[in-house]
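Spelled out, the chains give:
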Amino acid sequence: MKTALKFAVLALCGGGTYFAIEMIWRGHSHWTMAVLGGICFVLIGGINEFFPWEMPLALQGVIGAAVVTVLEFFSGVILNLWLGLGIWDYSGQPLNLLGQICALYSILWIPLAAAAVILDDWLRYFMFGEERPTYKLF
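The following refers to the structure shown. (Residues numbered from 1 in each chain as written. Predicted model: local features only at pLDDT ≥ 70, side-chain atom pairs only at ≥ 80, totals over all residues. Heavy atoms only, no water.)

**Regarding the overall build of the protein chain**
Quick note on the threshold: Strands are runs of DSSP state E lasting at least 2 residues, helices are runs of H or I lasting at least 4, and numbering of each runs from the N terminus. Using C-alpha atoms as the atom set, the radius of gyration is obtained and then compared with a globule rule of 2.2 Å times the number of residues to the power 0.38. Categorising residues by exposure relies on relative accessible area from a 1.4 Å probe, with only protein chains included: less than 20% of the type maximum marks a residue as buried, more than 50% marks it as exposed, and the intermediate range marks it as partly exposed. Residues count as neighbours in contact if any of their non-hydrogen atoms are within 4.5 Å of one another.
Scanning the protein chain from terminus to terminus reveals five helices and two strands. Helices (α) and strands (β) of the protein chain occur, in sequence order from the N terminus, as α-α-α-α-β-β-α. The C-alpha radius of gyration computed for the protein chain amounts to 15 Å, which stays within 12% of the reference 14 Å derived for 138 residues, consistent with globular compactness. Structurally, the protein chain occupies a C-alpha span of about 45 × 35 × 25 Å along its principal axes. Here the protein chain holds 138 residues, and 38% of them are scored as buried. For the protein chain, long-range pairs separated by at least 24 residues make up 59% of all intrachain contacts whose partners lie at least 6 apart in sequence.

**Thoughts on the packing of aromatic side chains**
Worth spelling out the cut-off: Ring geometry is summarised as follows: Phe, Tyr and Trp rings, the Trp one being its six-membered ring, pair when their centres sit within 6.5 Å, and such pairs are stacked at plane angles under 30 degrees, edge-to-face over 60 and tilted between the two. Whether a charge sits over a ring depends on NZ of Lys or CZ of Arg being within 6 Å of the ring centre and within 35 degrees of the ring normal.
A full pass over the atoms with the stated rule returns six aromatic pairs. For the ring pair Tyr90 and Tyr105, a centre distance of 4.8 Å and an interplane angle of 15 degrees mean the geometry is stacked. Of this pair, Tyr90 sits in the loop between α4 (57-82) and β1 (96-97) while Tyr105 sits in helix α5 (residues 103-128); the two residues are 15 residues apart in sequence, bridging distant segments of the chain. Grouping aromatic residues by their ring pairs yields a cluster made of Trp122, Tyr125 and Phe126. Positioned over the ring face of Phe7 is Lys6, at 5.8 Å from the centre of the ring.

**A closer look at the pattern of salt bridges**
Which entries qualify depends on this criterion: The salt bridge definition used is simple: a Lys or Arg side-chain nitrogen within 4 Å of an Asp or Glu carboxyl oxygen.
Applying the stated criterion across every chain, the model contains five salt bridges. Residues Glu22 and Arg26 are paired through a salt bridge, measuring 3.3 Å at the closest nitrogen-oxygen approach. Here the residue Glu22 and the residue Arg26 both occupy positions in helix α1 (residues 2-26), the gap between them amounting to four residues, near one helical turn. The network of salt bridges with common partners includes Lys6, Glu49, Asp120, Arg124 and Glu130.

What follows is the structure, given as structure tokens:
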């Protein structure tokens with residue numbers, strides 16, 4: 001129960017943060033993006049839970065960006081293509097796949113995912129008494 005509560009708190013923090021970033025970046029969002037953001041945040045935070053702490057932050061950012069890109073693609077196929085919600089459309093961007101993901105945003109996810117790793121680590125440290133984070137960039 002304690003673990004489920006921890007993941008729920010982390011998902012709410014990550015989902016709320018992502019929703020706020022999207023509101024600032026695009027000027028609008030959709031509630032499903034808070035859900036997706038929460039899921040991505042928990043998974044990105046798990047990177048250094050499953051891999052050694054010595055893993056460079058830059059590599060964690062790349063892995064996190066890959067996680068987000070995969071989830072964004074499948075979410076986009078369901079939400080935008082199947083359900084027709086039209087939440088986002090990258091069709092006008094170069095190197096896009098079905099308008100649901102594109103190279104530019106996949107690259108932009110690298111520093112955001114690295115920031116999510118740091119935020120997750122410090123939330124875990126302060127809120128749940130986990131290990132104090134340390135980082136190596138490369």
